[in-house]
Structure formats: structure tokens, C-alpha cells
Amino acid sequence: MKILIIENEVYLAQSIATKLSELGHVCEMCTSTRDAIKSNNYDVVLLSTNINGQDFNPVIETFKKSIIILMVSYISNDTVSKPLSAGAKDYILKPFMIEELIRKINHYQDYEKLKKRNIAYDRYLTHNFSSISTEHNFENIELPLFISSTYQKHADSFAFEYAKKKNLPLHFITLSDSKAMSEIESITENSLIYIIDLQIFKKAERKALYALLENKKAILSSSDKIEDDEFSIIEMKSENNIFDQGEILPIEEYVKFIVLNYQHKFPDTELSKKLGISRKSLWEKRKKYDIVKKK
């Protein structure tokens, strides 16, 4: 990592830099905030709040994309609270062990990676579920909830959206995993468990599963019809189920599927070209299948 050390006690700055360099990091030092903001290409900024007469806000603003850790001799509103509110990540009290500093740096590096990964996953799921139009009143949902759908993506979309609406951490579990039951048992009541592949469980196995789910928040999905009437059940039907079952479709069914699911993404000229038919044939297909193109 490339680390900037902003410290007016030169001996201390050199000591920190030497120890970090021995661990493979590239360190640069400066003694004032004015010199520090001349460049912003650093992974980590170690900012001493003991430099008298310095305004730390320009530094924090300049390095807002970096991990800023305050080095403080005492805790006060000016040395800790205000800089943290402005965007610094954490603080460490002088004198400190270099191992503790590294621990903090690694923690925030991992946090930033997870945050970026979470944003990427969220964007991917939003894109992946964009073709599914589901409108549910999540306020009236009773858990555990069972979803019967031959198209897995419908159940997935519902579960992820429910977790997001309720601001709950989500645990995804497939019952095809041999460790599924032990994992379910270990999950706390404050999380949402999304369980798929219920159809592979026999009656006795389901009974044991339901016992584990007592007092826990869970959504379960099955590609088969669910007969357990004691629980809340939602049945989701979709034109997509023909693909989800891995079947080879007749040409007419394939054309119907493509028109239904992609007519809002492509103009008629391009859609008919992709299907290898004329625009007139496309219009005739819509009439035949009673498909209305939404504007």
C-alpha cells in the first residue's frame, strides 16, 4: 500500500515509516497539511491531529477516497469527533504498537472491498431482476413463507426484495448442501433465511426443517407445488418456467417467449430480425398469442 504520514514530530514519522516499510508498504512523509494536499494518490493517510494551527478539513476532503486514520495524543472534540464526522475512518492513541495500526488499516481495507463488492452485487441483482415485475405488499407477509414457482428467479426476486425492504441481513441456503441444516440452526432470529430446493426434501426431512425454523424469519421456495397448508404460501406462475425446466421448446413456444420478454427491450425491426421473421409476421404472432405491447 502507498501510505502518507502527516506528522510534525519527524522522529515519530520516520519510526512509523520504517516499520511500515519493513512490512512492504511505500511511505511518504510531510509535516504540514498544506504540503499534504498537493497529491491525493494514497491508499492510507495517517493524520496527526497534534499539529498546532492546522485545518484538517482540507486534508480529509482531499483524501476522502483513502483510509484516513487519526493519530492522537488525547481524545477531544477537535482531535477526534470533528475529524471523524468530516470523513476520517478511525483514530489511534499515541503511543501505539505498529501491529494495532496495521490491524486498523487491514480492517478498513477489507471494509472498503466488501462495500464495493456489495454495490456491485446490488447492481447485478437489480439488473438481473429487472425483467420481473412483481408487486407485493410486504407489510402483510407472515413468516415462514413458502413460494411455489417453476421459475426460480421469481422466488429469488421476492426474497431479495423482501430483505431489502425490511433491512434484514440475508442468508442464502440451498437444501442440496449437506451442511444446510446445521447452518440454518446457527442463524440468529434477527436475520432472514432464504432457502431453496425444498422439493428435494422428503416429508420427514421437512418436519425436521420446520422445527429448526421455529421463531426464525424464513422464506422457502420450491419448484413443486407446496401442500403444507399450515403455512403461508404464494404460488408464482411464469411464462419462463419452460426454460427453467431445461426443456427443448417448440419453435412457436420459443417465439412466444421471446416476444413476451424482450419486446420492451428492442424495437420491432430489431426484434423481428433477431427472430428471423418479418415485422408483419411479428405483428401476426402478437395477435395470435394475444400479446399486447406496452408503450
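Residues numbered from 1 in each chain as written. Predicted model: local features only at pLDDT ≥ 70, side-chain atom pairs only at ≥ 80, totals over all residues. Heavy atoms only, no water.

Draft legend 1. Geometry of the pairing of strand β5 (residues 90-93). Along β5, the buried face is formed by Asp 90 and Ile 92; none of Tyr 91 and Leu 93, which line the opposite face, is buried. Pairing of strand β4 (residues 67-72) with β5 involves 4 bridges; the strand directions are parallel. Within β5, the residue paired with Met 71 across the bridge is Ile 92. The β-α-β motif built from β4, the intervening helix α4 (residues 77-86) and the parallel element β5 has right-handed crossover chirality. (Buried < 20%, exposed > 50% of the residue type's maximum accessible area, 1.4 Å probe, protein only. Helix = DSSP H or I, 4+ residues; strand = E, 2+ residues; numbered from the N terminus. Pairing = 2+ DSSP bridges. Right-handed = clockwise from strand over helix to strand, strands pointing away.)

Draft legend 2. Geometry of the packing of helix α1 (residues 10-22) against helix α5 (residues 98-128). With their axes 11 Å apart at the nearest point, α1 and α5 run at an angle of 65 degrees to one another. With respect to α5, the element α1 is oriented roughly perpendicular. α5 is crossed by α1, and the crossing has right-handed handedness. For the pair formed by α1 and α5, the contact residues are Ile 16, Lys 19 and Leu 20 on the first element and Ile 98, Leu 101 and Ile 102 on the second. (Axes fitted to C-alpha atoms, helices over the stretch in contact; angles between N-to-C directions. Parallel < 35°, antiparallel > 145°, perpendicular 65-115°, else oblique. Left-handed = near helix turned anticlockwise from the far one by under 90°. Contact = heavy atoms within 4.5 Å.)

Draft legend 3. Structural context of the sheet that holds strand β7 (residues 170-174). The 5 strands are arranged β7-β8-β9-β6-β10 in an open sheet whose pairing can be described as parallel. The open sheet has two free edges, formed respectively by β7 and β10 (232-236), since each of these has just one partner strand. Taking the axes of each pair of neighbouring strands and ignoring which way they run, one obtains an average angle of 20 degrees across the sheet. In the sheet, strand β6 (residues 145-149) pairs with strand β9 (residues 217-222) via 4 bridges, with the strands oriented parallel. Directly across from Ile 147, in β9, lies its bridge partner Ser 221. Contacts from helix α6 (residues 152-166) reach β6, β7, β8 (192-196), β9 and β10, with the element oriented near 175 degrees to β8.

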